[in-house]
Amino acid sequence: MKQIILLIFSFLVFACNSKAQNNDLKTEEKTTEKSVIKKLNGKQIVQELEKLNFFNLTDKTELNAEKIELEKAFNELDFFEGKLRGETLNFVNNRFYSIDSEELFEVGGLTNYLKIMKLTFEKLGLKLNYSNEKSSQTKKYWKHTIELNGKEYVAFENNFGELDWGIAYVKFIEMLNAELEAQKSDERFYPISAQNDGRLVLLTKKQFEFVKENYPNDNEHPKTLEIWKTENGIK
């Protein structure tokens with residue numbers, strides 16, 4: 001009798017364990033299924049970016065070449081970058097920008113780049129008037145300010161050091177984004193790289209999230225300014 005009871009008990013335990021294992025397996029399969037996101041190809045990437053109005057700052061005569069370049073860059077390199085105009089460092093899509101941080105930091109560099117950005121602001125129906133640039137410098141310290149649309153911004157205020165170019169790059173993006181926000185635009189500039197081969201890109205939040213989801217999260221792709229500052233040791 002005791003043996004029969006033990007057999008029945010063992011069977012019940014086995015059945016319960018099997019059911020639990022099956023449930024765990026089904027849960028794991030569902031979780032795996034949810035986590036698998038179908039990877040888009042370059043053509044689909046371009047199509048989705050177009051839906052997000054990514055090409056609204058690209059001239060119609062250069063639009064097809066820009067799409068081909070973006071598709072090729074994604075398929076071959078997983079890279080997010082548009083077509084350059086000829087042998088220059090100017091992109092045909094006015095969302096991408098080459099920024100030489102050294103040039104930006106030096107005298108005259110800030111207004112040279114603001115002149116470029118002013119054209120983009122105007123394409124978006126926004127203002128970017130700059131004036132009253134001021135500079136106060138000692139042997140070790142420099143304070144550099146400028147007014148955008150009547151508001152004063154600090155372009156650089158620090159002792160000279162190894163991070164000078166990076167600080168100027170960050171301050172530049174911060175002042176541009178502040179003016180975009182003040183004019184109720186949903187566009188923002190996102191850093192990609194600094195130094196002599198610096199780059200940044202202008203994106204809406206939805207465009208940025210799409211790029212973040214479909215491109216590698218590395219030093220060759222856009223990040224929020226706060227994350228970029230942390231990774232590059234800039235406060």
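The structure under discussion appears in the preceding block.
The following refers to the structure shown.

1. Structural notes on the sheet that holds strand S5 (residues 187-193)
The strand order S1-S6-S5 describes an open sheet built from three strands, whose pairing is antiparallel. Both edges of this open sheet fall to strand S1 (96-99) and S5, since each of them pairs with a single strand only. Across the sheet, the axes of successive neighbouring strands diverge by a mean angle of 30°, strand direction being ignored. Alignment of S1 against strand S6 (residues 198-204), held across four bridges, turns out to be antiparallel. Residue Tyr-97 lies in a different strand from S6, and its bridge partner there is Leu-200.

2. Description of the pattern of salt bridges
The final tally for this structure, using the stated rule, is 11 salt bridges. Of the charged contacts in the structure, one is a salt bridge between Glu-174 and Lys-229, with a shortest N-O distance of 3.1 Å. In this pair, Glu-174 is assigned in helix H6 (residues 164-182) and Lys-229 in helix H8 (residues 225-231), connecting sequence segments 55 residues apart. A residue is classified by how much of its surface remains accessible, and Glu-174, at 27% relative accessible area, is partly exposed. On the basis of relative accessible area, Lys-229 is assigned to the buried category, the value being 10%. A salt bridge links Glu-220 to Arg-199, with the nearest nitrogen and oxygen atoms 2.7 Å apart. Placement of Glu-220 in the loop between helix H7 (205-214) and H8 and of Arg-199 in strand S6 is noted, with a sequence separation of 21 residues between them. When salt bridges with common partners are traced through the structure, they connect Glu-81, Arg-199 and Glu-220 into a single cluster.

What counts and how
- Residues numbered from 1 in each chain as written.
- Predicted model: local features only at pLDDT ≥ 70, side-chain atom pairs only at ≥ 80, totals over all residues.
- Heavy atoms only, no water.
- Pairing = 2+ DSSP bridges.
- Helix = DSSP H or I, 4+ residues; strand = E, 2+ residues; numbered from the N terminus.
- Axes fitted to C-alpha atoms, helices over the stretch in contact; angles between N-to-C directions.
- Salt bridge = Lys/Arg side-chain N within 4 Å of Asp/Glu carboxyl O.
- Buried < 20%, exposed > 50% of the residue type's maximum accessible area, 1.4 Å probe, protein only.

Note that every value here comes from positions in space, so none of it alone points to a role or purpose.
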